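The chain contents come next:
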Amino acid sequence: MFNQTQPAAMPTVFQQAKARASEMINLGQRELAIPLLRDLLKQQPRDPQLLHMLGVSLHGNDSMAAKSKEPENLRLLRFAANLAPNNAEILVDYASACQSLGMLREAHKMADKARSVNPAHARAVQFKARLLQGVNKVPEALELLEAQMRDHPDPLLVVSYGDMCLHQGLCEQAVDALKPLFDDVTCPKPRRIEAAFLLGHLHDKLKEYDTAFEYFRIGNTMQGPEPASKFDEHLEKWSRERLDSIPAARKDGSKAIMVVGMPRSGTTLTEIILASHPKISGVGESTLLNRLVHRNPVESLTDQALIDSYGKEYLEMLERCSPEPNMARVVDKMPENYIYCGLAAKILPGMSLIHSKRDARDTCLSIYFQQFGPWIQYAKSLESLGDQYLGYLRTMKHYRDECGVRMFESEYESLTADPEPNIRAMLDHVGMPFHEACLSPHKSKKSVNTASIAQVRRPIYKSSGQRWKNYEKHLGPLLERLEGV
């Protein structure tokens, strides 16, 4: 959170604008804050707080620094860290930007510097622990968190500790740490929500399904339900006629692999399998396609030069954000790219599209059990979740059957039950030879930067299909909508 300390005197217009930008960021309105911050920086170009706020707001934006090949957010955060070397919050955000670009040595250095500047800084400790977890040093990460919690039991550290214990099978230990935090009504609401979801997962592992569902229900209720997307309007907007009117870009897009589908459908597993290949890398979940779609009116997409520029920008992003250079293929596993995969096929001719599919009930249950925050609004109620799933099915059918978008259908249950033939078929689809490393992605030495980090570090395992049956009595509204799917 960004805090602006106001002087005792009446704040100036500049100070008021700076406070307004801070409030926008805290409310999740980063896109709105960006132009205001740019204007303020013209007045105070060496203000570390402004540089910090703009750098954080641009994270994931893929903007390029002027006369440079590095992302603008990285340049801004580095500048802020140099101007304010004793500000642990700035150092952690700079370290996070470094990690997202595969600059792990610098990320560790900045995380250690932040902890040196402020040993009690919870985010610095949490981030360092996550870096250790990312390179499969979980015992060291747990030891770091435990040592810090003894002296500074910050709720953020308790949640991080519980999450790491969950994935190490230390369920009772995690429950003991998280239950007091959840029961403490004075604890910040975001931490209590995180604790609720973690306690749900812990009781699920303990096979205490009624207790688990109640925690998941509370966690979702505390966030508030939101409606599903308006698929009728979307499919009308992206009709076959519309896509036929869009020219194909004139630059080969075969380097790009997009893995799409509903969240929790196996997109992360698909990416880590592919990225274990020595000539394939991954960029995680890029928001670039969504931003390209909304940059110009749909009517302008008939312009060849514009489509060419979209394709060029996307391919440059893959090259820039890939942790390993000179890869033959690069994976973008943003699940929601399914919404615009018709346009993606136009701006990236020759790209490989992989549609990750999983049992509808297990997929929806897994989404409901995941804390997505404000970014996936439909996940917070069973009703809107079911409606969203039906809309997703219609969208994929529209692009595949009506628009002729070529895609590889990857069945999660089949992939986990019998990996090799499915992996061979997937690699054939993306035009790459089979490699044994893809059968053991958990052994990969490549860095990992994904919310599903614990999944990455374990072998491919047979799917626990029909998990939804453990919760069937709680799922009435969802099962009614999915009947016949």
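The structure we're discussing is the one just above.
> Kindly report on helix α19 (residues 360–368), identifying the contributing residues and their values.
Burial analysis of α19 places eight of its nine residues in the buried class, which makes it a mostly covered element. Within α19 the residues assigned to the buried category are A360, D362, T363, C364, L365, S366, I367 and Y368. In this fold, the buried residues of α19 make contact with α11 (189–205), α12 (209–223), α20 (382–402) and α24 (476–481). For α19, the N-terminal cap is D359; the gap from its side-chain oxygen to the backbone nitrogen of R361 is 3.0 Å.

> Summarise the state of the cysteines; cite the residues concerned and give the values.
Per the counting criterion, the structure on display carries zero disulfides. Of the cysteine sulfurs around C403, a residue in no disulfide, the closest is that of C341, at 8.5 Å. Here C403 falls in the buried class, since its relative accessible area comes to 13%.

> Provide a residue-level description of the packing of helix α10 (residues 171–183) against α11, including the pertinent values.
Their axes nearest at 9 Å, the elements α10 and α11 cross at an angle of 150°. In terms of axis orientation, α10 runs roughly antiparallel to α11. Crossing geometry of α10 relative to α11 is assigned as left-handed. Residues C171, A174, V175, L178, K179, L181 and F182 of α10 form the contact with α11, whose own contacting residues are R191, R192, A195, A196, L198, L199, L202, H203 and K205. Classifying every residue of the contact of α10 with α11 gives eleven nonpolar, one polar and four charged.

> So what's going on with unusual backbone geometry? Residues and values would help.
For R264, which is not glycine, the phi torsion reads 65° and is therefore positive. Of note, R264 is situated in the loop between β1 (256–260) and α15 (267–275). The backbone of N326 sits at a positive phi, close to 60°, despite the residue not being glycine. By the element assignment, N326 lies in the loop between α17 (304–321) and β3 (329–332). Residue N326 is classed as exposed on the basis of its relative accessible area of 57%.

Parameters at a glance
Note that residues are indexed from 1 along each chain, following the sequence as it is written. The model is predicted, so local features are restricted to residues of pLDDT at least 70 and side-chain atom pairs to those at 80 or more, both for listing and for counting; the totals for chains, interfaces and linings are taken over all residues. The side-chain numbers reported here are obtained from all heavy atoms of the structure, hydrogens and water having been left aside. Classification of residues uses two cut-offs on accessible area relative to the type maximum, computed with a 1.4 Å probe and protein chains only: under 20% is buried, over 50% is exposed, and between them is partly exposed. Strands are runs of DSSP state E lasting at least 2 residues, helices are runs of H or I lasting at least 4, and numbering of each runs from the N terminus. Two residues qualify as a contact provided that any one of their heavy atoms is within 4.5 Å of a heavy atom in the partner residue. In protein, a polar contact means a hydrogen-donor-capable atom and an acceptor-capable atom, both N or O and within 3.5 Å, with residues adjacent in sequence counting only if both atoms are side-chain atoms; elsewhere, any N or O pair within 3.5 Å suffices. The disulfide criterion is simple: two cysteine sulfur atoms within 2.5 Å. Axis lines are fitted through C-alpha atoms, for helices just across the contact stretch, and the angle between N-to-C directions can take any value from 0 to 180 degrees. Throughout, the term roughly parallel applies to angles under 35 degrees, roughly antiparallel to angles over 145, roughly perpendicular to angles from 65 to 115, and oblique to all others. Should the near helix be turned anticlockwise from the far one by less than a right angle, the crossing is left-handed, and should it be turned clockwise, the crossing is right-handed. Only Asp, Glu, Lys and Arg are considered charged in this grouping, and only Ala, Val, Leu, Ile, Met, Phe, Trp, Tyr, Cys and Pro are considered nonpolar; every other residue, Gly among them, is considered polar.

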